[in-house]
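Residues per chain are reported as follows:
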Amino acid sequence: MNKPHIVILGAGYGGLMTTIKLQKSLGTNEAKITLVNKNDYHYQTTWLHENAAGTLHHDRTRIPLRDIIKMNRVNFVQDTVVSIKPEEKLVKLETTTLNYDVLVVGLGFEPATFGIPGLEEHAFTIDNIDSARMLRQHLAYNFSLYHNEKEKKSARLNIVIGGGGFTGVEFVGELANRIPELCEEYDIEKSLVRIINIEGSPTVLPGFEPQLVEYAMNSLESRGIEFITGAMLKECKPKSIVYEKDNKLEEIPTMTTVWTAGVRANEIVEHSGLETNRGKVEVRDDMRAPDYDDVFVIGDCALIIDSNTGRSYPPTAQTAVRQSSIVARNVKAFIRDEKLEAFKPKKLGTVASLGNNDAIGVVFNNQKIFGWKATVMKKIIDNRYLFKLGGFGLLLKKGKFNIFY
Ligand SMILES: Cc1cc2nc3c(=O)[nH]c(=O)nc-3n(C[C@H](O)[C@H](O)[C@H](O)COP(=O)(O)OP(=O)(O)OC[C@H]3O[C@@H](n4cnc5c(N)ncnc54)[C@H](O)[C@@H]3O)c2cc1C
């Protein structure tokens, strides 16, 4: 291959870490590296719920790409991917077309609303900086309007979160911290505010040990969060939501519905002509698409099935980062005509925050942790990622050092 062109789509956890590893390990004349991303910054998706609640400013979450990639080594293209044409080895962007010799697809996830009426039009989602910032401002706007209207509308102070999975629970944890501040700022009696989490399963945080789920629910309920479990959200209207529980329809007035209960791989992948399963590319063990030797897929766009359970490994930032080591090594091996390695998926520990000073998790050898230990662990995980991404400089700039509170 004559100075091959490596094109990486998406500067999320998977795409960006792959780029950084390739910029370090490939000689300047060995390959041309192009990174394509919508924005000129990377954002920590795992912190977006904090931005959305207003407990962390979004500038802490976004990291300018020029601070972490060598712009003289990597050709950065700020543009939006429109489609991928693997048969023609090209990618269409909004303003241009790129040809590639090797492609890495790391376009992440997008919300899935499963056709529930009104969700797309009226619900908020937490999936990028813009959506998180809009939600934070919407919350403050409704609080500010409450006393400025003749007729007091409870819908302005009712916040409904659809989905009691990881994102939904982490978000209500942040709200539990943020709402008292908003109440003070806008002279609103705290008891007037309702934060209601609606979950279809009998319990929130499916997949976590019952003991940890109980701890999480008790902690959040004691801070005013209401849980309605075993209930399906049926419709989202501009000023209310309808859910079904025990075969009965109920309606809650609200102007803030936040949908956290469904994500899917970026839709571009499904329309790319790459073979997909549930909207994702079920990658070979070397992280390549099944039908194209020159296309690697990473992070939330890739599907890996656990052969023991027949279920897919959950898409997480940690997995995307682990995969980036193998993808970078294999891209290098591919252009050097060397043997490719297999990615060995493994179940990683998980820590879910319940606000700034509480958390639950399972770490190391299935050890359960909660309270301050889990909070410290969560911050260590966050800081470790920043260190991997941009060394001490980035860690000092963006790290979370309020370890014990
Ligand atoms: C609120 C929240 C909390 C979470 N907490 C955790 C956690 O604690 N731990 C954990 O492991 N996981 C967590 N996750 C899941 C984790 O964030 C994802 O699994 C992870 O971001 C996937 O990484 P990725 O590299 O596949 O894609 P992403 O990190 O989503 O990056 C995709 C990139 O592609 C860009 N992009 C998308 N479309 C286009 C386009 N058309 N053109 C150009 N660029 C495009 C995006 O701007 C983005 O930069 C959380 C998710 C959310 C939403």
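Our structure's up above, just so we're on the same page.
A. Summary view of the overall build of the protein chain. A count of helices and strands for the protein chain gives ten helices and 24 strands. Compactness check: the protein chain gives a C-alpha radius of gyration of 22 Å against a globular reference of 22 Å for 405 residues, within 12% of the reference. With respect to the principal axes defined by its C-alpha atoms, the protein chain has extents near 70 × 45 × 45 Å. Per-residue burial over the protein chain gives 54% buried out of 405 residues. Counting contacts in the protein chain only where the partners sit at least 6 residues apart, residues at least 24 apart contribute 66% of the total. Surface summary for the protein chain: the accessible area is close to 19,000 Å², and the carbon and sulfur share equals 49%.

B. Spatial organisation of the packing of aromatic side chains. This model, assessed by the stated rule, comprises five aromatic pairs. Judged by centre distance (4.9 Å) and plane angle (50 degrees), the rings of Tyr13 and Tyr385 are tilted. Of the two residues, Tyr13 sits in helix 1 (residues 13–25) while Tyr385 sits in helix 10 (residues 372–398), which places them 372 residues apart along the sequence. One exposure class covers both Tyr13 and Tyr385, and it is buried. Cation over ring: Lys400 sits above Trp47, and NZ or CZ is 4.1 Å from the ring centre.

C. Quick look at the pairing of strand 14 (residues 231–237). Pairing of strand 14 with strand 15 (residues 240–245) involves six bridges; the strand directions are antiparallel. The residue of strand 15 that forms the bridge with Ala231 is Lys245. Between the antiparallel neighbours strand 14 and strand 15 lie two residues.

D. Local environment of the side chain of Thr19. Take Thr19: it is sitting in helix 1. Here Thr19 is in contact with Ile8, Ile33, Leu35, Ile69 and Val74, once residues within four sequence places are set aside.

E. Representation of the packing of helix 1 against helix 10 within the structure. One can describe the packing of helix 1 onto helix 10 by two numbers: an axis separation of 10 Å at closest approach and a directional angle of 40 degrees. The angle between helix 1 and helix 10 places the two elements in the oblique class. Here Tyr13, Leu16, Met17 and Ile20 of helix 1 lie close against helix 10, whose contacting residues are Tyr385, Lys388 and Leu389. Split into classes, the residues belonging to the contact of helix 1 with helix 10 amount to six nonpolar, no polar and one charged.

F. Here's a closer look at a nonpolar patch on the surface. A cluster of nonpolar side chains, Phe387, Phe392, Leu396 and Phe401, forms an exposed patch at the surface whose accessible area comes to about 480 Å². Topologically, Leu396 is positioned in helix 10.

Conventions and cut-offs
- Residues numbered from 1 in each chain as written.
- Predicted model: local features only at pLDDT ≥ 70, side-chain atom pairs only at ≥ 80, totals over all residues.
- Heavy atoms only, no water.
- Helix = DSSP H or I, 4+ residues; strand = E, 2+ residues; numbered from the N terminus.
- Rg over C-alpha atoms; globule rule 2.2 N^0.38 Å.
- Buried < 20%, exposed > 50% of the residue type's maximum accessible area, 1.4 Å probe, protein only.
- Contact = heavy atoms within 4.5 Å.
- Areas by Shrake-Rupley, 256 points an atom, 1.4 Å probe, with all protein chains shown as cover.
- Phe/Tyr/Trp six-rings, centres within 6.5 Å; stacked < 30°, edge-to-face > 60°.
- Lys NZ or Arg CZ within 6 Å of the ring centre and 35° of its normal.
- Pairing = 2+ DSSP bridges.
- Axes fitted to C-alpha atoms, helices over the stretch in contact; angles between N-to-C directions.
- Parallel < 35°, antiparallel > 145°, perpendicular 65-115°, else oblique.
- Nonpolar A, V, L, I, M, F, W, Y, C, P; charged D, E, K, R; others polar.
- Patch = residues over 30% accessible without salt bridge, like charges linked within 9 Å, V, L, I, M, F, W, Y side chains within 5 Å.
- Salt bridge = Lys/Arg side-chain N within 4 Å of Asp/Glu carboxyl O.

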